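Take a look at the letters that make up each chain.
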Amino acid sequence: MRLILLALLALVFPAMAQEDMPAKVWLEKMSQALREKEFKASIIQLQADHIRPLVYLHGKVNNQEVAFLEYLNGPPKNAVRVGNRVTFIEHDEPAYSIVSNHIQGVWPAAFSANMADLEVGYQFVLGGRTRIAGRPGQMIRLLPNDEFRYGFQIWLDMETFLPLRYDMLTQDKQLLEQIMVIELIEFSEPPAILQEAYKQEWPAVIDQAERQDGQNWQFAWLPAGFTVVVRDHHRLIGSHEAVEYIALTDGLANISVYVARAGASPLPEELITRNGLSLVSEKVGNAEVVAVGKVPTQTLARIAKSLTLE
């Protein structure tokens with residue numbers, strides 16, 4: 001009877017030997033699994049009252065990562081990644097490609113990167129275990145090291161180490177966003193759709209925006225771990241007004257900063273949308289600075305006020 005009981009426990013929680021594995025090791029195994037495994041995940045993304053079903057496939061063809069993301073509701077919309085090129089295919093729009101090693105809209109890019117980079121902003125803590133999509137999962141908490149970002153919870157499949165669920169939580173534990181797998185299938189070889197994607201001739205990568213008219217805006221302060229990942233200068237359609245765009249990230253939280261000449265109509269100083277996206281506007285000299293992101297409003301305000309022109 002004892003042997004039968006142990007066998008049943010092994011089926012429910014196949015990784016009993018993982019009891020002492022630190023949280024960081026779990027996350028490192030997740031990162032490796034997202035880069036190397038062949039799998040299909042049917043996913044539900046929840047934001048406020050918005051529900052979005054997705055299908056994500058990943059594999060390796062000739063030692064190169066290939067991924068496919070399909071949005072199941074609304075007009076056809078897909079994204080294909082081959083190596084460091086991501087191509088977007090949308091309804092009634094020409095396909096276009098960008099340089100990226102990640103398809104946005106599923107798991108954060110940091111999930112398949114170096115976990116040590118996240119330790120600047122977060123602590124990794126083991127949580128409990130539960131079943132998700134019929135699979136035993138281990139929870140890992142990512143607790144913020146300061147008040148400038150929100151916390152996260154991740155449940156990892158105890159067999160494959162792939163993520164099963166991902167929650168973004170405010171400082172008072174309110175759920176802002178959730179991504180949950182409802183079916184996970186692992187393959188022994190890349191699915192046929194990925195093999196075909198690898199063979200396709202996708203559109204050339206679009207040129208990056210030219211910045212000869214851009215100004216040298218710099219931040220006097222950023223929360224620990226946040227870095228600038230994109231700078232773009234362009235003119236708005238219609239008004240042709242020059243706008244500077246700067247994208248920041250700590251690997252999990254993303255912040256967009258827009259700088260333009262102050263207009264006659266003032267923007268709201270602070271706004272929080274139903275899906276948790278915060279907006280703050282500040283005057284910096286003759287410029288209007290708008291910062292947007294899923295972080296506390298005080299973080300956006302301090303970042304906007306720290307912007308200087310050099």
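Since the structure is predicted, the reported quantities are computational estimates derived from the model, not experimental observations.

## Topic: empty space enclosed by the protein
Counting across every chain of the model gives 1 cavity of 30 Å³ or more. In this structure, the largest cavity occupies an estimated 130 Å³ of space. Lining the largest cavity are 13 residues; nearest its centre among them are L34, Y56, R81, H102 and S112. Looking at side-chain class alone, the lining of the largest cavity contains 7 nonpolar, 4 polar and 2 charged residues.

## A look at unusual backbone geometry
Located in the positive-phi region is D92, a residue other than glycine, with phi close to 60°. When its relative accessible area of 66% is taken as the criterion, D92 is described as exposed.

## What about the nonpolar core?
Inside soluble globular proteins, nonpolar side chains tend to come together where they are buried. Judged by nonpolar contacts, the single largest core of 68 residues is most densely connected at I43, W107, L142 and V257. The dominant element in this core, judged by the number of residues it contributes, is helix α2 (residues 23-36), at 6 residues. Excluding residues within four positions of it along the chain, W107 makes contact with L34, I43, H102, P163, L164, R165, Y166, I179 and V181. Core analysis: the second largest hydrophobic core is formed by 9 residues, V55, L57, V82 and L194 among them.

## Things to note about the sheet that holds strand β9 (residues 151-157)
The 11 strands lie next to each other as β6-β5-β4-β3-β2-β1-β11-β10-β9-β8-β7, forming an open sheet whose pairing is antiparallel. Bordering the open sheet on either side are β6 (96-99) and β7 (122-132), each of which pairs with just one other strand. On average, each strand axis in the sheet is inclined to that of its neighbour by 15°, with strand direction left out of account. Both strand β8 (residues 135-144) and β9 contribute to a ladder of 6 bridges, which runs antiparallel. Along β9, the bridge assignment pairs Q138 with L156. Across the sheet, α2 is in contact with β1 (39-47), β2 (50-61), β3 (64-71), β7, β8, β9 and β10 (163-169); its angle to β7 comes to roughly 70°.

The rules behind each value
Residues numbered from 1 in each chain as written. Predicted model: local features only at pLDDT ≥ 70, side-chain atom pairs only at ≥ 80, totals over all residues. Heavy atoms only, no water. 1 Å grid on protein atoms, 1.4 Å probe; cavity = no way out; pocket = protein on both sides within 12 Å on 5 of 7 lines; lining within 4 Å. Points joined across faces, edges and corners; volume = space filled by probe spheres on them. Nonpolar A, V, L, I, M, F, W, Y, C, P; charged D, E, K, R; others polar. Buried < 20%, exposed > 50% of the residue type's maximum accessible area, 1.4 Å probe, protein only. Core = buried A, V, L, I, M, F, W, Y, C linked by side-chain atoms within 4.5 Å. Helix = DSSP H or I, 4+ residues; strand = E, 2+ residues; numbered from the N terminus. Contact = heavy atoms within 4.5 Å. Pairing = 2+ DSSP bridges. Axes fitted to C-alpha atoms, helices over the stretch in contact; angles between N-to-C directions.

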